[in-house]
Amino acid sequence: MTELSPVLKQATPVHVDHGAGCYLYDTDGRRYLDFTAGIGVTSTGHCHPTVVAAAQAQVAKLIHGQYTTVLHQPLLELTERLGTVLPENLDALFFANSGSEAVEAALRLVRQATGRPNVIVFHGGFHGRTVAAATMTTSGTRFSAGFSPLMSGVHVAPFPTAFRYGWSEAEATDFALRELDYLLATLTAPAETAAFIVEPVLGEGGYIPGNTRFFQGLRERADRHGILLVFDEIQTGFGRTGKFFGHQHFDVRPDVITIAKGLASGFPLSGIAASRELMAKAWPGSQGGTYGGNAVACAAAVATLEVIEAEGLVGNAAVRGAQLLAGVENLATKAIGDVRGLGLLVGAEFTTTTGEPDTATASAAQKAAVDRGLLLLTCGAHMNVVRMIPPLIVTETQIEDALAIWSEVLADL
């Protein structure tokens, strides 16, 4: 009898039968408030009627039209529709399937466009599990261990993680920018550095937002040295942070962004966006793939964008995110060393009385929440951060319900 790989460890014991909105229902009919959203994927909630209808209609017309062989209407419609929400300078798109593929496509583009071999990533970032993406991932060794040698040409600079350093945000930012300059002077010359690749909010690294001075410092150095600035918006895009893209909180211009997760409400679809001028510097034949830009996924993505706009979900993420963050802060006990987030990305970091990462208590809290009907996940290098990622459709009452369960969890630890 075949079975799933034993290495696939389940975060919860829930066996889902169906989902609707912010809820999942198991095979026994028990309802769970889903604050994982498929790791930030189901932006419009589970099985939003508009998305379901679009996908069903498309399945009956065309399931697969390989997009370097033929063009199809959902692909063209999505490309046009994304032009209304992308930053003005990003007017060319390449579509793939997964976040890792998007990151690797961005890496290939920046190296080919600049003719430079190296990239700089930032400590705590997560960019994927394929070889190049895993090499650029520094949020935990579990993503890159055991299959060395990894890709060369990747250098790591500090991210302004103030809590970990025990500094103010200003001190952490000063340090991060100073060390970036030192890295450019000692490990990868600017003339050999193709890009800075960074998340607006560290995701797997612990739900740690960056800040305006840090990101504008990257932009200034990129402009000075002819380096490209790539924002990995795979988890922070499509309204998740309370703006359409995470970098928009920081008044900074990207050269490339990577997108996936919330783009298609659960259908596998990813991509990169850049200017036409930059995208044209990719070498012929370097972009393609069998399933990229799948017709059903594109139709679902178009419907997702329609729902985000019609239901004001970006604004809802901002308001409900502020409610969630304030609630988690107010409930924080001595077991929680830090609470942070941006929009509907909220993390509570568990620490011991001496300030060390407390993985066991974070895991116990996550499991206790599931037992009470609230699905949560952990993240961070030590997996000691409990993260909350509800769908963008989450209501005030659902936030209150989640906070009530969270209060019970903390009281019983």
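Residue numbers here run from 1 along each chain, matching the order of that chain's written sequence. Confidence filtering applies because this is a predicted model: local features only for residues at pLDDT of at least 70, side-chain atom pairs given and counted only at 80 or more, and all residues used for totals across whole chains, interfaces and linings. The side-chain numbers reported here are obtained from all heavy atoms of the structure, hydrogens and water having been left aside.

Trainee: Even after reading the chapter, I still don't get the pairing of strand β12 (residues 270-274), so can you show me in this structure?
Mentor: For β12, the buried fraction is high: five of the five residues fall into the buried class. Accessible area is worked out with a 1.4 Å probe on protein chains only. A residue is then buried under 20% of its type maximum, exposed over 50%, and partly exposed in between. Each helix is a run of H or I in the DSSP string that is no shorter than four residues. Each strand is a run of E no shorter than two, and both are numbered from the N terminus. The alternating pattern of β12 places S270, I272 and A274 on one face and G271 and A273 on the opposite face, and all of these are buried. One requirement defines pairing of two strands: DSSP has to find at least two bridges between them. Alignment of strand β4 (residues 92-96) against β12, held across five bridges, turns out to be antiparallel. In the sheet register, F94 faces β12, and the bridge partner there is I272. By the bridge criterion, four bridges tie strand β11 (residues 256-259) to β12 in an arrangement that is antiparallel.

Trainee: I would appreciate a short explanation of the pattern of salt bridges in the present structure.
Mentor: Side chains that carry opposite charge are capable of pairing whenever their charged atoms lie near each other. What counts as a salt bridge is simple: a side-chain nitrogen of Lys or Arg found within 4 Å of a carboxyl oxygen of Asp or Glu. Tallying each qualifying case throughout the model produces 16 salt bridges. Here R81 and E309 are joined by a salt bridge, their closest N and O atoms 2.8 Å apart. Of this pair, R81 sits in helix α3 (residues 73-82) while E309 sits in helix α10 (residues 295-310), and the two are 228 residues apart along the sequence. Residue E309 is classed as exposed on the basis of its relative accessible area, which comes to 59%. Note that D255 is salt-bridged to R219, the shortest N-O span being 3.0 Å. Here D255, found in the loop between β10 (228-232) and β11, pairs with R219, found in helix α8 (residues 212-225); they are 36 residues apart in sequence, far enough to count as distant. The class of R219 is buried, set by a relative accessible area of 9%.

Trainee: Looking at this model, I keep getting lost on the layout of surface pockets. Mind explaining?
Mentor: Once rolled over the atoms, a probe with the size of a water molecule shows which space is left empty. Space inside and on the surface of the protein is sampled on a 1 Å grid over the protein atoms alone, with a cavity defined as a set of points where a 1.4 Å probe fits but cannot get out and a pocket as an open set with protein on both sides within 12 Å along at least 5 of 7 lines; lining residues have an atom within 4 Å of a point. Grid points are joined across faces, edges and corners, and a volume is the space filled by probe spheres set on the points. Considering only enclosed or pocket space, the largest pocket measures out at about 1600 Å³ in volume. Contributing to the lining of the largest pocket are 44 residues, with I39, R129, E204, L377 and R387 lying nearest its centre. Broken down by secondary-structure element, the contributors of at least two residues to the lining of the largest pocket are α1 (37-40), α4 (99-114), α12 (359-371) and β16 (377-379). For the lining of the largest pocket, the leading source of residues is α12, giving three residues. Nonpolar residues are Ala, Val, Leu, Ile, Met, Phe, Trp, Tyr, Cys and Pro. Charged residues are Asp, Glu, Lys and Arg, and all others, Gly as well, are polar. Broken down by class, the residue content of the lining of the largest pocket amounts to 18 nonpolar, 16 polar and ten charged. The space that makes up the second largest pocket amounts to roughly 420 Å³. Forming the walls of the second largest pocket are 23 residues, and the residues nearest its centre are R164, G205, I208, A381 and H382. It is helix α6 (residues 162-165) that contributes the most residues to the lining of the second largest pocket, three residues altogether. Classifying every residue of the lining of the second largest pocket by side-chain character gives eight nonpolar, eleven polar and four charged.

Trainee: I keep staring at the sheet that holds strand β2 (residues 23-26) and nothing clicks. Help me out?
Mentor: Read from one edge to the other, the open sheet built from four strands follows the order β1-β2-β3-β15, with strand pairing classed as mixed. The open sheet has two edge strands with one neighbour each: β1 (16-20) and β15 (374-375). Two elements, β1 and β2, share four bridges in a ladder whose sense is antiparallel. Residue pairing in the sheet places V16 in a bridge with D26 of β2. In this description, contact between two residues means that some pair of their heavy atoms is separated by no more than 4.5 Å. What counts as an axis is a line fitted to C-alpha atoms, over the stretch in contact for a helix, and the angles between N-to-C directions run from 0 to 180 degrees. Lying on the sheet, helix α13 (residues 396-412) is in contact with β2, β3 (31-34) and β15; it crosses β3 at an angle near 100°.

Trainee: Would you take a moment to explain the sheet that holds strand β5 (residues 118-122) for this structure?
Mentor: Strands pair in a sheet through their backbones, by hydrogen bonds, and they do so in one of two ways: parallel or antiparallel. Spatial ordering of the open sheet is given by β4-β12-β11-β10-β7-β5-β6, a layout of seven strands whose pairing is mixed. Each edge of the sheet is formed by a strand with only one pairing partner; in this case those strands are β4 and β6 (154-157). Averaged over all pairs of adjacent strands, the angle between their axes in this sheet comes to 20°, without regard to strand direction. Where β10 meets β11, three bridges bridge the pair, whose relative direction is parallel. Opposite D232, over in β11, you have T258 as the bridge partner. Across the face of the sheet, α3 comes into contact with β4 and β11 while running at roughly 130° to β4.

Trainee: Just to check I follow, could you spell out the nonpolar core for this structure?
Mentor: Nonpolar side chains in soluble globular proteins generally cluster together in the buried interior. In terms of nonpolar packing, the biggest core is built from 117 residues, with F35, F122, F196, L218 and W406 touching the most fellow members. Here this core takes eight residues from α4, the largest share from any one element. Other than its neighbours up to four places away in sequence, L218 contacts F122, L177, L180, F196, V198 and L229. Buried Ala, Val, Leu, Ile, Met, Phe, Trp, Tyr and Cys residues that are joined via side-chain atoms within 4.5 Å together make up what is termed a nonpolar core. Core analysis: the next-biggest nonpolar cluster, separate from the first, contains five residues, V14, L24, Y32 and L375 among them.

Trainee: Looking at this structure, how should I read the side chain of R116?
Mentor: If you trace the backbone, R116 turns up in the loop between α4 and β5. For the buried R116, no salt bridge is present, and the opposite-charge side chain at shortest range is E192, 9.2 Å distant. Pairing of N or O atoms within 3.5 Å defines a polar contact, subject to two protein rules: one partner must be a possible hydrogen donor and the other a possible acceptor, and residues neighboring in sequence count only if both atoms are side-chain atoms. Separated by 3.4 Å, the side chain of R116 and the backbone oxygen of A191 make a polar contact. At 3.0 Å, the side chain of R116 forms a polar contact with the backbone oxygen of T193. Residues in contact with R116, not counting those within four places in the same chain, are R111, P190, A191, E192, T193, A194, H225, G226 and I227. Charge counting treats Lys and Arg as positive and Asp and Glu as negative, with His and both chain ends excluded.

Trainee: What exactly am I supposed to notice about α12 here?
Mentor: End to end, α12 covers 18 Å across 13 residues, agreeing with the expected 18 Å (1.5 Å per residue, within 8%). On the buried face of α12, the contacting elements are β3, β14 (346-350), β15, β16, β17 (385-388) and α13. Of the residues trailing α12, G373 is marked for its positive phi of about 95°. One less than the number of residues in a helix, times 1.5 Å, gives the span that helix is expected to have.

Trainee: What exactly am I supposed to notice about the packing of aromatic side chains here?
Mentor: The description of two aromatic rings rests on the distance between their centres and on the angle between their planes. Centres within 6.5 Å are what make two rings of Phe, Tyr or Trp a pair, Trp counting through its six-membered ring; a difference in plane orientation under 30 degrees is then read as stacked, over 60 as edge-to-face, and the rest as tilted. The final tally for this structure, using the stated rule, is 15 aromatic pairs. A centroid spacing of 4.9 Å and a plane angle of 20° characterise the contact between Y165 and W167, whose relative ring orientation is stacked. Among the aromatic side chains, those forming a connected cluster through ring pairs are F122, F159, F196, F214, F215, F231 and F250. A ring is considered to have a charge above it if a Lys NZ or an Arg CZ atom is located within 6 Å of its centre and within 35 degrees of its normal. A cation over a ring is seen here: R31 above Y23, with NZ or CZ 4.0 Å from the ring centre. Over the face of the ring belonging to Y165 we find R164, whose NZ or CZ atom lies 4.6 Å from the ring centre.

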